[in-house]
Amino acid sequence: MNLAIRDIRYHRGRFILTSIGLGLLIGIVMSMGGIYRGLVADALEIMTATGADLWVVQAHTNGPFAESSRIPEDIKYRIQAVPGVEKASPLSFQTIQIERKGKQFRFFLIGYNLSGLGGPPNIIAGRDIRQKHYEMVAAKGMKMEVGEKIHLGLHDYTVVGITDRIVSSGGDPAAYVSLADAQEIQFKKDNNAIRNNRARIGASLAGNRSLPPAQAGTLLQDVTNIAESTHTVNAVVARITPGANLHEVQERISRWNHFRPISAEEQTKILTKGMIEQARMQLGLFRVMLLVISGVIIALIIYTSTMDKIKVIATLKLIGAQNRVIIGMILEQSLLMGLIAYGIGYLLINLTYDNFPRRVVLQSFDLQVLFFIVLVICTISSFVGIRKAFKVEPAEALGG
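Overview of the layout of surface pockets
Roughly 340 Å³ of volume is contained in the largest pocket. Considering the residues around the largest pocket, the lining is formed by 13 residues, among which Gly 141, Lys 143, Arg 165, Phe 356 and Pro 357 are closest to the centre. For the lining of the largest pocket, the per-class residue count stands at 4 nonpolar, 2 polar and 7 charged.

So, a nonpolar patch on the surface
Side chains of Phe 365, Val 369, Phe 372, Ile 373, Val 376, Ile 380 and Phe 383 sit close together on the surface and give an oily, nonpolar patch of about 660 Å² of accessible area. When you line up the elements, Phe 372 lands in helix H12 (residues 364-390). The exposure class assigned to Phe 372 is exposed, which follows from its relative accessible area of 57%.

Re the packing of aromatic side chains
Applying the stated criterion across every chain yields a total of 8 aromatic pairs. A centroid spacing of 5.1 Å and a plane angle of 75° characterise the contact between Tyr 342 and Phe 371, whose relative ring orientation is edge-to-face. Of this pair, Tyr 342 sits in helix H11 (residues 323-352) while Phe 371 sits in helix H12, and the two are 29 residues apart along the sequence. Owing to a relative accessible area of 11%, Tyr 342 belongs among the buried residues under this scheme. An aromatic cluster of three or more residues is present, and its members are Trp 55, Phe 65, Phe 93 and Phe 108. The ring of Phe 105 is capped by Arg 100, whose NZ or CZ atom sits 4.7 Å from the centre of that ring.

Calculation criteria
Residues numbered from 1 in each chain as written. Predicted model: local features only at pLDDT ≥ 70, side-chain atom pairs only at ≥ 80, totals over all residues. Heavy atoms only, no water. 1 Å grid on protein atoms, 1.4 Å probe; cavity = no way out; pocket = protein on both sides within 12 Å on 5 of 7 lines; lining within 4 Å. Points joined across faces, edges and corners; volume = space filled by probe spheres on them. Nonpolar A, V, L, I, M, F, W, Y, C, P; charged D, E, K, R; others polar. Patch = residues over 30% accessible without salt bridge, like charges linked within 9 Å, V, L, I, M, F, W, Y side chains within 5 Å. Areas by Shrake-Rupley, 256 points an atom, 1.4 Å probe, with all protein chains shown as cover. Salt bridge = Lys/Arg side-chain N within 4 Å of Asp/Glu carboxyl O. Helix = DSSP H or I, 4+ residues; strand = E, 2+ residues; numbered from the N terminus. Buried < 20%, exposed > 50% of the residue type's maximum accessible area, 1.4 Å probe, protein only. Phe/Tyr/Trp six-rings, centres within 6.5 Å; stacked < 30°, edge-to-face > 60°. Lys NZ or Arg CZ within 6 Å of the ring centre and 35° of its normal.

Any functional reading would require information that these geometric values do not contain.
Listed below in structure tokens is the structure:
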């Protein structure tokens, strides 16, 4: 006779409801682990898709994702000339929020050279960008269709292709345009702003009486050309020649070009340790709290169940049942409750994680560790009931 199963059948409603409640808690714990893994995957998505060995950014910054970085576009030629560099390409990044179909629409815009690094990694519908202007490849998460138009800056852009779920480190879906278009969207001012800026510069030069009028006019043209230039990028990514020493290439770039070359490994640390460290700690704290709450609930249920069976336990002791029989009954109930709750949580998260607003990545290792933790919690929680059962005297079976 399996005493644990018979007792569960007798208290079936309480056992089922408790298991469902614990299953919901464990499902939330699973989702938090998956959300953290999703944060890491999102943070590294663009960096991994680019496939670059080096990210050359503004000196003394952690750009281009964790910190603002702006460098001249023509730096790519100097980086390309460094021994050990196979290919170098400029990239532009910016977050855009506009109104679309009556709602706020936010996405991450990437500008790249059509023949360089950093373009969309995989086209699942439509085609890649072929023209230098006014074409866009949108991520699947933007929920746009091939042929749809979107107004950015001063022009309309046509979606010519759909790529996989590419997102920024903040979880915003990404879109790709040519570098020239991205620079124009980011830096090009409208006509009124251009006229006002030229008038302000002209007024400043006119106030300098040491400049001859002819020279002031030439200087005005030169200054406005520089001020209105859009040939700025956020980073230049580089691929290293096979066999070249990465650290030597970094040393040459930082010594002679006065920029900061960040390796892919260093960029990974910046993104994972810096940008999402607080989120990791917060999610970890909530996971620990929920597991502790689950343990307390199991302990209370087992203790209450043991109190209901005082006479039964006393009777078992009176007829000569060994302690291991009583321990096995209580421990088996606790483990069954934990296993059923884990199964409910696992089923729940697998049915719902695709509908989460942020990416949820469920890894087998995390689920296995959580399964082991649940078994440990159930075992420890059962000690409360076992301790109470040990104190039961056989004579209590003969009481009123």
